[in-house]
Amino acid sequence: MSTRQPILRAEDLHVWFDLPGDSELHAVQGVSFELRPGERMGLVGESGCGKTTTILALMGLLPASASVAGRVHLEGEDILAKGEESVSPHRWKDIAMVFQGAMNAFNPVKTIGSQIAEPMELHGTATGRAARAQVRELLELVGISGERAERYPHEFSGGMRQRAAIALALACEPHVLLADEPTTALDVMVQAQILELLVRLTRDLGLAMILVTHDLPVVAQVCDRAAVMYAGEIVEMGQMTTIYHDPRHPYTRMLFAATPDLLGDEDVLSIPGAPPRLDHEIVGCPFTPRCDSAFAPCPTAHPRRLEVAPGHEALCHLNDHLVAERPA
Ligand code: SF4
């Protein structure tokens, strides 16, 4: 495991939304993780598990109806400490995001180049001619001719818009990139090119990245580390190879089993049922109704987070025996 200091550290992050009738939806429930310079971490899970809400909280981009608690240290500074006042100087400059659905990331009546220049002008990193030159360089970096800076979003294909959205996120040379389902709605070939581009950029620019996806094989292909989310919590986290060869949470194991095998020589298993509603109190392990390994403590006791091996954590009663086996 890397000994470098984390560039980003989330500690006990909670996000909840007030709902009509005095109830609330607890979308993120005590998420903690660290991200080191140059590291690529996959945040993976089904829709509604809290992945996107987590990274929007890191960017300070949640809607006004959201409440946030916990700490997010970016290069040592708690960027949630004073809400918008503490996060806005870092947004786009130190931490940037590629949004889901590149078409929606751009204003249709402004040129792509002028939109990529906006964060530079906002943070004063470049203006005028210097900004225009940087925009062209950024477009070339992501594989688009710099000449296209004067074109409008509708003149770009889906794959090119996604590349331009990555250029936009890199405009102020951030150290952390958050990519939210960056290949959704792209065909398989373009998807592979975008993933390859993200890997190359993180490697060449020394960027740390969180890749949000529902697709565990994509994480296996691209990321060094994975954090598997379920019902607002990280239920397993560790090095990708370790999780792949030795998953210690049944949800992770079932996610792998639900992945089609390229050779087609293994059955694809679906995960029965659906994730729990997060606007109700959950007693016990939230995965109990869907888990093929559930046993006596699962419906009533919430499992504790245990380090099952160095750098590998899981939240499942199946690992409870480790506590008894460890020397006091
Ligand atoms: Fe399954 Fe129980 Fe582990 Fe939850 S705690 S994942 S129900 S075995």
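Okay, so let's go over this structure. From a predicted model like this one, the values you see are computed outputs, not experimental measurements.

**Focus: the overall build of the protein**
Part 1 of the argument: Counting its regular elements, the protein contains 11 helices and 12 strands.
Part 2 of the argument: Compactness check: the protein gives a C-alpha radius of gyration of 21 Å against a globular reference of 20 Å for 328 residues, within 12% of the reference.
Part 3 of the argument: For the protein, the C-alpha atoms occupy an extent of roughly 65 × 50 × 45 Å along the three principal directions.
Part 4 of the argument: Residues classed as buried in the protein amount to 48% of the 328 residues present.
Part 5 of the argument: Expressed as a percentage of contacts within the protein between residues at least 6 apart in sequence, the contacts between residues at least 24 apart total 63%.
Part 6 of the argument: As displayed, the protein offers around 15,600 Å² of accessible surface, 52% of which is attributable to carbon and sulfur atoms.
Part 7 of the argument: Put simply, the protein has 27 plus and 43 minus side-chain charges, and the middle of one group is 5 Å from the middle of the other.

**Details of the site of the ligand**
Part 1 of the argument: Taken together, the neighbourhood of the ligand is formed by His249, Pro250, Cys285, Phe287, Thr288, Cys291, Ser293, Ala294, Cys298, Cys316, His317 and Leu318.
Part 2 of the argument: Taken together, the residues of the shell around the ligand break down into eight nonpolar, four polar and no charged.

**Things to note about the pairing of strand β2 (residues 23-35)**
Part 1 of the argument: In this structure, strand β1 (residues 8-19) lies alongside β2, joined through 10 bridges in antiparallel fashion. Considered in β2, the bridge of Ala10 is made with Phe33.
Part 2 of the argument: Taking the residues between adjacent antiparallel strands as the criterion, β1 and β2 are bridged by three residues, where Gly21 takes a positive phi near 85°.

**So, the sheet that holds β2**
Part 1 of the argument: In space, the four strands of this open sheet follow the order β2-β1-β4-β5, with antiparallel pairing throughout. Two strands bound the open sheet, and with one partner strand each, they are β2 and β5 (77-78).
Part 2 of the argument: Sheet strands touched by helix α1 (residues 51-59): β1, β2 and β4 (66-74). Its angle to β1, the strand with the most contacts, is close to 110°.

**What to know about the sheet that holds strand β8 (residues 208-213)**
Part 1 of the argument: One open sheet holds the eight strands; their spatial order is β6-β7-β8-β3-β9-β10-β12-β11, and the pairing between them is mixed. What marks the edges here is a single partner per strand, and that holds for β6 (95-98) and β11 (305-309). Between one strand and the next, the sheet's axes are offset by a mean angle of 20°, whatever the strand orientation.

What counts, and at which threshold
Residues numbered from 1 in each chain as written. Predicted model: local features only at pLDDT ≥ 70, side-chain atom pairs only at ≥ 80, totals over all residues. Heavy atoms only, no water. Helix = DSSP H or I, 4+ residues; strand = E, 2+ residues; numbered from the N terminus. Rg over C-alpha atoms; globule rule 2.2 N^0.38 Å. Buried < 20%, exposed > 50% of the residue type's maximum accessible area, 1.4 Å probe, protein only. Contact = heavy atoms within 4.5 Å. Areas by Shrake-Rupley, 256 points an atom, 1.4 Å probe, with all protein chains shown as cover. Lys, Arg positive; Asp, Glu negative; His and termini not counted. Charge placed at Lys NZ, Arg CZ, Asp CG, Glu CD. Near = heavy atom within 4 Å. Nonpolar A, V, L, I, M, F, W, Y, C, P; charged D, E, K, R; others polar. Pairing = 2+ DSSP bridges. Axes fitted to C-alpha atoms, helices over the stretch in contact; angles between N-to-C directions.

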